[in-house]
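Chain and residue survey
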Amino acid sequence: DKVYMGAERKSAIMTEEDKRATAYHEVGHALVSLFVEGNDPLHKVTIVPRGQALGVTWNMPERDKYTHTMTQMKGKLALCFGGRIAEQIIYGDDALNTGAHNDIQQASQMARAMVTEYGMSKKVGWLQFRQDFNSPLSEQTSQLIDAEIRALVEEAEVRARKALEDNIDHLHAITNALMEYETLS
């Protein structure tokens, strides 16, 4: 746990309200990982602050993986948004906070790589447009890439939202359990 998630921050004092919001966030990730195809098995969920995180949802593959399919990549994209969408469902848009920064960053990088490096966009095709190449992109190509990235992200958001809305009772029940036990395996 310490290697994967960082050292436990015993000095981090959280209010019950912050703890519950973190619990909803982490359970959102957990439920999306369970109900959206392509994710690795759920291993652990915790609201014990570790490293820079206030909580962690940990998925662990059953074996070593050397490549990822489109289904797996799309599942991971949806997983990235599970926490933020859970908070949005429970607290509304005005209560969204900066806690999902890393999730959004990961999803953005993953979607960009799917489109520009892995050939996972039918509209862009099997071409590579890595940013470290010195050839500039045309405005039309840049717009196409941006549109395809946005489409992947929006699809992931829809899939995550559906998984959470379809399992709202689980969202509340597991959040309450996480509030009581702090870590669930």
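Notes on the structure in this doc start here. Quantities reported herein were computed from a predicted structural model and do not represent experimental measurements.

The next thing to look at is the overall build of the protein chain. Looking only at helices and strands, one finds six helices and three strands in the protein chain. Its C-alpha atoms give the protein chain a radius of gyration of 18 Å, within 12% of the compact-globule value 16 Å for 185 residues. Structurally, the protein chain occupies a C-alpha span of about 55 × 35 × 30 Å along its principal axes. Taking all 185 residues of the protein chain together, 40% fall into the buried category. Considering only residue pairs separated by 6 or more positions, the protein chain has 73% of its internal contacts joining residues 24 or more positions apart. Just so you have it, the protein chain exposes about 11200 Å², and 50% of that area is on carbon and sulfur atoms.

Here Glu 155 lies in helix 5 (residues 139-166). The spacing of Glu 155 and Cys 80 is 75 residues in sequence and 12 Å in space, taken between C-alpha atoms.

What follows deals with the pattern of salt bridges. One pass over the full model with this rule turns up seven salt bridges. Here Lys 65 ties to Asp 40 by a salt bridge, and the two come within 2.4 Å at their closest N and O atoms. Placement of the pair is Lys 65 in the loop between strand 2 (56-59) and helix 3 (70-91) and Asp 40 in the loop between helix 2 (16-35) and strand 1 (42-46), with a sequence separation of 25 residues. Its relative accessible area of 10% is what places Asp 40 among the buried residues. Asp 166 is the partner of Lys 162 in a salt bridge, and the nearest nitrogen-oxygen pair spans 2.5 Å. With a gap of four residues between them, Lys 162 and Asp 166 both fall in helix 5, about one helical turn apart. Residues joined in a network through salt bridges with shared partners are Asp 40, Lys 65 and Lys 76.

Across the sheet, which stays open at both edges, the three strands sit in the order 2-1-3 with antiparallel pairing between neighbours. Looking at strand neighbours, the two that pair on one side only are strand 2 and strand 3 (183-184), the edges of this open sheet. In terms of strand pairing, strand 1 meets strand 3 through two bridges, oriented antiparallel. What sits directly across from Val 45, in strand 3, is Leu 184.

Calculation notes
- Every chain is numbered on its own, with residues counted from 1 as its sequence reads.
- Confidence filtering applies because this is a predicted model: local features only for residues at pLDDT of at least 70, side-chain atom pairs given and counted only at 80 or more, and all residues used for totals across whole chains, interfaces and linings.
- For side-chain calculations, the full set of non-hydrogen atoms in the structure is used, while hydrogens and water are omitted.
- Helical segments are the DSSP runs of H or I of at least four residues, strand segments are the runs of E of at least two, and each set is numbered from the N terminus.
- Radius of gyration here is computed from C-alpha atoms only, and the compact-globule reference equals 2.2 Å multiplied by the residue count raised to the power 0.38.
- Relative accessibility decides the category of a residue: with a 1.4 Å probe and only protein chains considered, values under 20% of the type maximum give buried, values over 50% give exposed, and everything between is partly exposed.
- Here, two residues are considered to be in contact whenever any of their heavy atoms come within 4.5 Å of each other.
- Surface accessibility follows the Shrake-Rupley procedure with a 1.4 Å probe radius. Residue values consider only the protein chains on display as shielding.
- Whenever Lys or Arg places a side-chain nitrogen within 4 Å of a carboxyl oxygen from Asp or Glu, that contact is recorded as a salt bridge.
- Criterion used throughout: strands pair if DSSP finds at least two bridges between them.

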